[in-house]
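Here is how the chains run, residue by residue.
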Amino acid sequence: MTELGMAEPADAHATRAAYNTVAADYAELLRHELASKPFDRAMLGTFAELVEAAGGGAVADLGCGPGRITAHLDSLGLTAFGIDLSPEMVAVARRDHPGLQFDEGSMEALDLADGALGGILAWYSIIHTPPARLPGVFAQFHRALRDGGLLLLAFQAGDELRHLDFAYGHEIDLDAYRLPPGRITDLLRQAGLVVEAQLLREPDGKHEKTRRPIF
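A quick note: this is a predicted structure, and the numbers were derived from the prediction, not measured.

## Quick word on the overall build of the chain
Scanning the chain for helices and strands turns up 6 helices and 9 strands. Taken over the C-alpha trace, the chain has a radius of gyration of 16 Å; the compact-globule value for 215 residues is 17 Å, and the two agree within 12%. A principal-axis box enclosing the C-alpha atoms of the chain has dimensions of 45 × 40 × 35 Å. Long-range contacts, defined as pairs at least 24 residues apart, comprise 68% of the intrachain contacts of the chain with a sequence gap of at least 6.

Here it is in structure tokens:
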């Protein structure tokens, strides 16, 4: 979704098309991935605890994909729902997690009231947004969070653009950005968000090739 009267950026169209193509295979490949990621589970658990301690409220998993992390947040007691750019990903999420809410939408134009959320999760979902547009994304996060709301953000460390033409068994056309953690910290603070903790996890030795910051 885009702001009224604004054309969707070409990269957003390409991202949607790519994830529409890979949705089913992506969901199957990553279905049990979290079970082997104790640091990731620890950060998600801490996030859930802090959201509840701050008063709870709705938590949006932005770029939720097939909904596996949304479901994990739900299992931790949060009132979680998912938003994704790809209708095929949303369809898979609804199929696999019928008790949860999933909707199509863009993190660059959130269809949410100011202060509507107690928490936001962006789990590797900012990596397809050109860095020049990240200040606008983080401004959307700040707007949608209530006072005292929490954000948990994960991405791939680096400072380069990678183009993917094949992934999850399919030909695609997708850009992905590796991002400098220090720069992301600066942008979050400029958007009015407070950075309380950072974890820089090493690659898992299997599919990952870069460090994984989780803020």
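Resuming the write-up.
## Overview of helix H2 (residues 38-53)
Over its 16 residues, H2 extends 22 Å from the first C-alpha to the last, a length consistent with the 22 Å expected when each residue adds 1.5 Å. All of the buried residues along H2 are Asp40, Met43, Leu44, Phe47, Ala48 and Val51. One side of H2 holds all its buried residues, which, seen down the axis, span an arc of 140°. Set apart from the buried face of H2 by more than 90 degrees, the exposed residues are Phe39, Glu49 and Ala53. Residues of H2 that are buried sit in contact with strand S1 (58-62), helix H3 (68-75), strand S4 (117-123), strand S5 (145-154), strand S8 (199-201) and strand S9 (212-214). The positive-phi residue at the C-terminal boundary of H2 is Gly55, with phi of around 115°.

## Considering the nonpolar core
Counting 30 residues, the largest nonpolar core has Ile126, Phe138, Phe141, Leu153, Ile184 and Leu188 as its most contacted members. Those elements that provide at least two residues to this core are S1, strand S2 (79-84), S4, helix H5 (134-144), S5 and helix H6 (181-190). Looking at which element gives the most residues to this core, the answer is H5, with 5 residues. Sequence-distant contacts of Ile184, defined by excluding residues within four places in its chain, comprise Leu134, Phe138, Leu153, Phe155, Leu179 and Phe215. Grouped together as the second largest cluster of nonpolar side chains are 18 residues, Leu44, Val51, Leu73 and Leu150 included.

## What about the pairing of strand S6 (residues 160-167)?
Alignment of S6 against strand S7 (residues 170-178), held across 7 bridges, turns out to be antiparallel. Bridge assignment links Leu164 to a residue of S7, and that residue is Leu174. Counted along the chain from S6 to the antiparallel partner S7, the turn is 2 residues long, and its residue Tyr168 has a positive phi close to 55°.

## Focus: the pattern of salt bridges
Pairs may arise between side chains of opposite charge once their charged atoms sit close together. Evaluation of the coordinates by the stated rule reveals 16 salt bridges. One salt bridge connects Arg16 with Glu8, and the closest N-O pair in it is separated by 2.6 Å. By relative accessible area, which is 18% here, Arg16 ends up buried. Notably, a salt bridge pairs Lys37 with Asp204, separated by 3.7 Å at the nearest N-O pair. Residue Lys37 is located in the loop between helix H1 (10-30) and H2, and its partner Asp204 is located in the loop between S8 and S9; the two are separated by 167 residues in the primary sequence. Residue Lys37 is classed as buried on the basis of its relative accessible area of 6%. Bridged by salt links that share partners, the residues Glu33, Lys37, Asp40, Arg68, Arg201, Asp204 and Glu208 form one connected network.

## Remarks on the layout of surface pockets
By volume, the second largest pocket amounts to about 510 Å³. Lining of the second largest pocket is provided by 21 residues; of these, Gly149, Leu150, Leu151, Val194 and Glu196 occupy positions nearest its centre. Looking at which element gives the most residues to the lining of the second largest pocket, the answer is S5, with 8 residues. Residue composition of the lining of the second largest pocket, grouped by class: 13 nonpolar, 5 polar and 3 charged.

## What about H5?
Among all positions of H5, only Leu134, Val137, Phe138, Gln140, Phe141 and Ala144 are buried. End-on view of H5: buried residues confined to an arc of 150°, all on one side of the axis. Turning to H5, the residues buried within the fold contact S1, S4, S5 and H6.

## What to know about unusual backbone geometry
Despite not being glycine, Tyr124 has its phi angle at roughly 60°, a positive value. Along the chain, Tyr124 turns up in the loop between S4 and H5. In this structure Tyr124 comes out as buried when scored by relative accessible area, which is 15%. Although it is not a glycine, Tyr168 sits at a positive phi angle of roughly 55°. As for its position among the elements, Tyr168 is in the loop between S6 and S7. A residue is classified by how much of its surface remains accessible, and Tyr168, at 33% relative accessible area, is partly exposed.

Parameters and conventions
- Residues numbered from 1 in each chain as written.
- Predicted model: local features only at pLDDT ≥ 70, side-chain atom pairs only at ≥ 80, totals over all residues.
- Heavy atoms only, no water.
- Helix = DSSP H or I, 4+ residues; strand = E, 2+ residues; numbered from the N terminus.
- Rg over C-alpha atoms; globule rule 2.2 N^0.38 Å.
- Contact = heavy atoms within 4.5 Å.
- Expected span 1.5 Å × (residues − 1).
- Buried < 20%, exposed > 50% of the residue type's maximum accessible area, 1.4 Å probe, protein only.
- Arc of directions from axis to C-beta.
- Core = buried A, V, L, I, M, F, W, Y, C linked by side-chain atoms within 4.5 Å.
- Pairing = 2+ DSSP bridges.
- Salt bridge = Lys/Arg side-chain N within 4 Å of Asp/Glu carboxyl O.
- 1 Å grid on protein atoms, 1.4 Å probe; cavity = no way out; pocket = protein on both sides within 12 Å on 5 of 7 lines; lining within 4 Å.
- Points joined across faces, edges and corners; volume = space filled by probe spheres on them.
- Nonpolar A, V, L, I, M, F, W, Y, C, P; charged D, E, K, R; others polar.

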